[in-house]
Amino acid sequence: MSLYTRSGDQGQTSVIGGRVNKDDAQVEAYGSIDELNSFVGQAVCLSEDEKLDDLHEQLLQIQQELFDCGSDLAYVKLSESRYKVTPDLAEQIEAWIDRYESENPPLEKFILPGGTPLAAVLHVCRTVCRRAERRVVTLGQVKEINTEVLKYLNRLSDYFFAAARAANHRRQVADIEYVRSGKVFGNK
């Protein structure tokens, strides 16, 4: 089997059930999710540490789920019975966020992306996830989509934030506070 097909040389690509332009909102949406998945793969490589076994396994699971998100968005027309992204995926992400937040130090100010290399990549994942979410919102304005993908991506960006902080905390590296930030989190 050849890796190249030449079928996209004129600016179109195949989706499940048809062909669209490569800059179509549908391709932008699942392409952004694919880009996110690549950054998650980088985070997987950086999380091979016994202090981060749970994070490592979660990231591997998230990679599978991101493929599910892309699949749900790659159909020309899809019935709900074929959706792979279901409400339980976002619920699992929420449980992971809650666990990380319970171990992370209190947060009062905005923080800068960084700390450990893993935390920095998780912050990249967070921002790429937000962009992917925006692309899915755009797609949802022009065609019917599985809205659970939106919910999942919204929770996932929060997960990356919590996980980045946990990666720093577990390696005893402090989050880098934004120096001009007032106290914006916590009890008021």
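Going by the structure above, here's the rest.
Residues numbered from 1 in each chain as written. Predicted model: local features only at pLDDT ≥ 70, side-chain atom pairs only at ≥ 80, totals over all residues. Heavy atoms only, no water.

K.L.:
Go over unusual backbone geometry with me, naming the residues and quoting the values.
P.N.:
Positive phi values are uncommon outside glycine, yet Q172 reaches one of about 60°. Mapped onto the elements, Q172 comes out in the loop between α5 (147–170) and β4 (176–177). Q172 gets classed as exposed once you look at its relative accessible area, which sits at 74%. (Helix = DSSP H or I, 4+ residues; strand = E, 2+ residues; numbered from the N terminus. Buried < 20%, exposed > 50% of the residue type's maximum accessible area, 1.4 Å probe, protein only.)

K.L.:
Kindly report on the pattern of salt bridges, identifying the contributing residues and their values.
P.N.:
One pass over the structure, following the stated rule, counts 12 salt bridges. The shortest N-O distance in the salt bridge between E28 and R135 comes to 3.8 Å. Remark: R135 occurs in helix α4 (residues 117–142) and E28 occurs in helix α1 (residues 25–46); sequence separation between them is 107 residues. On the accessibility criterion, E28 (35% relative accessible area) is partly exposed. We note a salt bridge from K183 to E108, for which the minimum N-O separation is 3.5 Å. Taken as a pair, K183 in the segment after β4 and E108 in the loop between α3 (87–103) and β3 (111–112) lie far apart in primary sequence, 75 residues in all. One network of salt bridges, with partners in common, ties together D54, R99, E103 and R170. (Salt bridge = Lys/Arg side-chain N within 4 Å of Asp/Glu carboxyl O.)

K.L.:
If you had to explain the layout of surface pockets to someone new, which residues and values would you point to?
P.N.:
Quantified by volume, the largest pocket comes out at close to 200 Å³. Lining the largest pocket are Y30, G31, I33, D34, N37, L66, F67, G70, S71 and A74. Per-element accounting of the lining of the largest pocket gives the leading share, 5 residues, to α1. (1 Å grid on protein atoms, 1.4 Å probe; cavity = no way out; pocket = protein on both sides within 12 Å on 5 of 7 lines; lining within 4 Å. Points joined across faces, edges and corners; volume = space filled by probe spheres on them.)

K.L.:
Please set out the packing of aromatic side chains residue by residue, giving values where relevant.
P.N.:
Counted according to the given criterion, the structure contains 4 aromatic pairs. Residues F110 and F185 carry aromatic rings whose centres are separated by 5.5 Å and whose planes lie at 80° to one another, so their mutual orientation is edge-to-face. One end of the pair, F110, is in the loop between α3 and β3; the other, F185, is in the segment after β4, with 75 residues separating them in the sequence. Ring geometry for Y159 versus F160: centroids 5.6 Å apart, planes at 65°, classification edge-to-face. Accessibility expressed as a relative area gives 0% for F160, which makes it buried. Ring-pair connections join several aromatic residues into one group, and the members of that group are W96, Y100, Y159 and F160. Of note, R99 hangs over the ring of Y100, and the distance from its end group to the ring centre comes to 5.8 Å. (Phe/Tyr/Trp six-rings, centres within 6.5 Å; stacked < 30°, edge-to-face > 60°. Lys NZ or Arg CZ within 6 Å of the ring centre and 35° of its normal.)

Spatial relationships are all this shows, so hold off on functional conclusions.
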